[in-house]
Amino acid sequence: MTPLRIGNASGFYGDRFDAMREMLTGGELDVLTGDYLAELTMLILGRDRLKDPGAGYARTFLRQLEECLGLAHERGVAIVANAGGLNPAGLATRIRELAERLGLDVKVAHVEGDGLTARHPGSLATHAYLGGFGITACLREGADVVVTGRVTDAALVTGPAAAHFGWGPGEYDRLAGAVVAGHVLECGTQATGGNYAFFTEGGHDLRRLGFPLAELHEDGTAVITKHPGTGGFVDIGTVTAQLLYETQGARYAGPDVTARLDTVRLTQDGPDRVRITGVRGEAPPPTLKVGLNRLGGFRNEVTFVLTGLDIEAKAALVREQMGPALAKVAHVTWDLVRTDRPDADTEETASALLRLVVRDADQGAVGRALSGAAVELALASYPGFHVLAPPGKGSPYGVFEDVYVPHGAVDHVAVLHDGRRIPVAPAQETAVLDASPAPPLPEPLPEGPTRHAPLGLIAGARSGDKGGNANIGVWVRTDEAWRWLAHTLTEGRLRELLPETAELTVTRHDLPHLRALNFVVEGILGEGVAAQHRFDPQAKALGEWLRSRHLDIPEALL
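Residues numbered from 1 in each chain as written. Predicted model: local features only at pLDDT ≥ 70, side-chain atom pairs only at ≥ 80, totals over all residues. Heavy atoms only, no water.

Peer 1: For the overall build of the chain, give the residues involved together with the corresponding values.
Peer 2: From N to C terminus, the chain includes 14 helices and 26 strands. The globule rule puts the C-alpha radius of gyration for 558 residues at 24 Å, and the 25 Å found for the chain is close to it. Projected onto its principal axes, the C-alpha positions of the chain cover 70 × 65 × 45 Å. Counting every position in the chain, which comprises 558 residues, the buried fraction comes to 54%. Within the chain, residue pairs in contact and separated by at least 24 positions form 74% of the contacts whose partners lie at least 6 positions apart. Split by element, the accessible area of the chain, about 23500 Å² in all, is 51% carbon and sulfur. Computed over 53 positive and 70 negative side-chain charges, the separation of the two mean positions in the chain equals 2 Å. (Helix = DSSP H or I, 4+ residues; strand = E, 2+ residues; numbered from the N terminus. Rg over C-alpha atoms; globule rule 2.2 N^0.38 Å. Buried < 20%, exposed > 50% of the residue type's maximum accessible area, 1.4 Å probe, protein only. Contact = heavy atoms within 4.5 Å. Areas by Shrake-Rupley, 256 points an atom, 1.4 Å probe, with all protein chains shown as cover. Lys, Arg positive; Asp, Glu negative; His and termini not counted. Charge placed at Lys NZ, Arg CZ, Asp CG, Glu CD.)

Here it is as structure tokens:
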């Protein structure tokens with residue numbers, strides 16, 4: 001069969017608006033996907049729906065279709081997106097209204113059954129991560145547009161692939177290949193040079209990156225590429241980086257299949273073309289992941305600017321002065337960030353930042369108490385007292401956690417353009433998710449001279465969040481570097497290099513075919529991104545911090 005060309009036009013709610021038109025006009029496509037949902041997005045949509053029961057979907061997607069629905073229909077490109085969020089039925093209705101207004105004969109279907117909020121009193125948005133076979137059912141019945149709620153990101157690719165190639169639920173190797181391709185596509189331009197560790201190399205035009213696409217084959221293999229003439233680049237490094245993003249081990253579990261990331265093999269297949277082969281799949285785990293979002297209370301913050309001499313003493317004074325006002329606040333965090341330099345030639349570079357973050361169930365405790373106490377110190381504290389911005393009244397924050405339910409606990413349904421409802425059967429075969437056995441390590445490099453230098457001179461990294469945990473994927477580009485990395489960057493060494501992880505559980509997973517290590521750091525993000533637990537709440541730059549750390553590297557690798 002001919003390959004299925006699946007493109008991506010969105011990696012998050014707020015991604016480049018023009019990407020849908022660019023993908024539809026830039027080259028041949030069979031399916032165009034869009035990923036609009038993330039843990040934080042579900043909370044945002046939940047708050048939207050509190051104000052308007054008819055809301056709860058990604059509004060920008062509907063505006064994109066106003067420009068592009070006719071273009072997609074003319075070119076025969078199916079559109080599949082999870083933009084339905086908390087209200088896929090509502091979004092499908094709006095798209096039908098749009099199509100009628102534009103005079104287009106477009107069949108719009110949606111997938112539902114992920115919503116479990118009613119079963120979890122007190123939650124704002126609780127949704128199961130569904131697989132791709134609801135999308136498959138819609139496309140097999142002739143849908144031109146399919147919108148979903150909370151499906152796995154890779155389901156936007158596995159669903160169309162199963163429809164096109166006629167795959168069934170038990171074809172695990174093929175489905176796993178599609179999952180890997182979908183995982184590469186899901187974050188859009190992160191596969192074409194965006195957020196890439198070695199972005200300074202190669203002289204590529206990174207000003208406006210093209211979005212990625214996959215040429216998916218019937219056997220589950222794929223080629224990752226992009227439209228000709230678009231910015232950015234696709235090579236083994238960019239694909240490796242995205243493969244490591246937000247994964248937590250060699251077994252990448254989903255509702256349809258567990259993909260074995262330790263079987264993935266990448267080869268350069270020409271300019272801007274990377275072939276993915278060898279992917280093995282296993283039966284999915286017996287439970288579905290459910291993302292539970294709830295309001296955790298209210299938070300506020302103020303950043304005090306400390307300039308010049310006696311930085312530590314200034315910080316100590318203001319902390320003592322603020323103490324009485326904060327005595328009854330549930331959670332108080334102080335962070336002194338030493339951005340100051342001695343004998344600085346600008347005031348900004350002579351200044352350090354003292355950041356105060358407060359959280360409490362009572363909005364008044366983090367609003368009036370904080371703002372009043374901070375403002376009253378304006379003429380009564382350390383010399384040079386000022387703040388970056390006055391504190392406000394306090395804003396609500398969210399908490400994310402994972403819970404799990406059996407496959408049969410959700411009513412996964414494809415709702416067609418004519419109102420017919422097709423139930424999607426739960427997985428009939430499952431397997432408990434076990435840790436993969438550790439692969440053998442390569443022979444260590446022979447002893448030789450070393451230089452104390454940043455890890456990032458030879459290693460790339462990409463990091464991200466999964467609830468309260470962070471993952472850091474680290475990879476190198478030569479076999480010799482892999483021999484060194486595999487023996488050097490242990491869990492203990494990572495804790496030394498990143499002291500913020502010293503008291504946390506760190507687990508290392510080895511992926512030798514990718515010359516990569518994947519570390520999971522448990523609890524570093526507290527209650528998840530919406531809780532704003534740390535300076536980098538989604539751990540996006542945790543990998544770059546690691547790359548900047550110095551250790552003894554063999555000179556032969558530098």
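Peer 1: Can you lay out the packing of helix H7 (residues 172–185) against helix H8 (residues 236–244) for me, pointing to particular residues and giving the numbers?
Peer 2: Look at H7 against H8: their axes get within 8 Å of each other, and the N-to-C directions meet at 100 degrees. When the interaxial angle is binned, H7 and H8 end up roughly perpendicular. For the pair H7 and H8, the contacting residues are Val 180, His 183 and Val 184 in the first and Val 239, Gln 242 and Leu 243 in the second. When the residues that make up the contact of H7 with H8 are grouped by side-chain class, the tally is 4 nonpolar, 2 polar and no charged. (Axes fitted to C-alpha atoms, helices over the stretch in contact; angles between N-to-C directions. Parallel < 35°, antiparallel > 145°, perpendicular 65-115°, else oblique. Nonpolar A, V, L, I, M, F, W, Y, C, P; charged D, E, K, R; others polar.)

Peer 1: So, the nonpolar core: which residues are in play, and what are the values?
Peer 2: Counting residues in each nonpolar core, the largest one holds 71 residues, and the members touching the most others are Leu 216 and Val 264. Ranked by residue count, the leading element in this core is H7, at 9 residues. Judged by nonpolar contacts, the second largest core, of 32 residues, contains Ala 19, Ala 58, Leu 71 and Ala 81. (Core = buried A, V, L, I, M, F, W, Y, C linked by side-chain atoms within 4.5 Å.)

Peer 1: Explain the environment of Pro 255 residue by residue, including any values.
Peer 2: Within the secondary structure, Pro 255 is located in the loop between strand E9 (251–253) and strand E10 (258–260). On the basis of relative accessibility, which here comes to 12%, the residue Pro 255 falls in the buried class. Measuring from C-alpha to C-alpha, the distance between Pro 255 and Ala 89 comes to 22 Å, with 166 residues separating the pair along the chain. In contact with Pro 255, other than residues within four places in its own chain, are Tyr 129, Leu 130, Gly 131, Thr 152, Pro 284, Leu 288, His 407 and Ala 427.

Peer 1: Explain the sheet that holds E10 to me, using residue names and the numbers behind them.
Peer 2: Strand order in the open sheet made by the 3 strands is E9-E10-E13, with antiparallel pairing throughout. For this open sheet the edge positions go to E9 and strand E13 (280–282), each flanked by a neighbour on one side alone. Here the strands of the sheet are splayed against their neighbours by 30 degrees on average, with no regard to which way each runs. Note: E9 against E10, 3 bridges, orientation antiparallel. Counterpart to Tyr 252 in the pairing with E10 is Ala 259. Sitting on the sheet, H7 touches E9, E10 and E13, and the angle it makes with E13 is about 110 degrees. (Pairing = 2+ DSSP bridges.)

Peer 1: Lay out the sheet that holds strand E3 (residues 78–81) with the relevant residues and their values.
Peer 2: Adjacent strands of a sheet pair through backbone hydrogen bonds, lying either parallel or antiparallel. Taken together, the 11 strands give an open sheet; going across it, the order is E11-E12-E8-E7-E1-E2-E3-E6-E4-E19-E20, and neighbouring strands pair in mixed fashion. Edge positions in the sheet fall to strand E11 (265–268) and strand E20 (421–423), since each of these pairs with one other strand and no more. Averaged over all pairs of adjacent strands, the angle between strand axes in this sheet comes to 20 degrees, irrespective of strand direction. For strand E2 (residues 31–34) and E3, the ladder comprises 4 bridges, and the chain directions are parallel. Each residue of the ladder has a partner; that of Gly 34, found in E3, is Ala 81. This element, helix H3 (residues 59–75), spans E3 and strand E6 (145–147) of the sheet and lies at about 160 degrees to E3. The strands that helix H6 (residues 155–165) touches are strand E1 (4–8), E2, E3 and strand E7 (212–216); relative to E1, the one it contacts most, it runs at about 160 degrees.

Peer 1: Explain the pattern of salt bridges to me, and be specific about the residues and the numbers.
Peer 2: Inspection of every chain in the model, using the stated rule, returns 34 salt bridges. A salt bridge links Arg 421 to Glu 112; the nearest nitrogen and oxygen atoms lie 2.7 Å apart. In this pair, Arg 421 is assigned in strand E20 and Glu 112 in strand E4 (residues 108–112), connecting sequence segments 309 residues apart. Residue Asp 340 is joined to Arg 338 by a salt bridge in which the shortest nitrogen-to-oxygen separation is 2.8 Å. For Arg 338, a relative accessible area of 43% gives the class partly exposed. Linked by salt bridges that have partners in common, Arg 5, Glu 215, Asp 269, Arg 273 and Arg 275 make up one network. (Salt bridge = Lys/Arg side-chain N within 4 Å of Asp/Glu carboxyl O.)

Peer 1: Could you give an account of the side chain of Thr 225, naming the residues involved and the relevant values?
Peer 2: In this structure, Thr 225 sits in strand E8 (residues 222–226). If we ignore the near neighbours within four places in the chain, the residues touching Thr 225 are Pro 212, Leu 213, Glu 215, Val 234, Asp 272 and Arg 273.

Peer 1: Tell me about the pairing of E1, and please be specific about residues and values.
Peer 2: Within E1, 5 of the 5 residues are buried, leaving the element largely enclosed by the surrounding structure. On E1, burial covers both faces: Leu 4, Ile 6 and Asn 8 on one face and Arg 5 and Gly 7 on the other are all buried. Strand direction decides the pairing type here: E1 and E7, joined by 4 bridges, are antiparallel. Considered in E7, the bridge of Leu 4 is made with Leu 216. What joins E1 to E2 is helix H1 (residues 19–25), and the crossover it makes is right-handed. (Right-handed = clockwise from strand over helix to strand, strands pointing away.)

Peer 1: Go over the packing of aromatic side chains, please, and point to the residues and values.
Peer 2: Under the counting rule described, the total for this entry stands at 9 aromatic pairs. Their ring planes at 25 degrees and their centres at 6.1 Å tell us that Phe 304 and Trp 334 sit as a pair that is stacked. Taken together, the residues Phe 304 in strand E14 (residues 287–307) and Trp 334 in strand E15 (residues 331–337) connect sequence positions 30 residues apart. The same class applies to Phe 304 and to Trp 334, which are both buried. Linked through ring pairs, Tyr 196, Phe 198, Phe 233 and Trp 475 together constitute an aromatic cluster. Its end group placed over the ring of Tyr 129, Lys 289 keeps NZ or CZ at 4.9 Å from the ring centre. The cationic tip of Arg 547 hangs over the ring face of Phe 198; the distance from NZ or CZ to the ring centre is 5.2 Å. (Phe/Tyr/Trp six-rings, centres within 6.5 Å; stacked < 30°, edge-to-face > 60°. Lys NZ or Arg CZ within 6 Å of the ring centre and 35° of its normal.)

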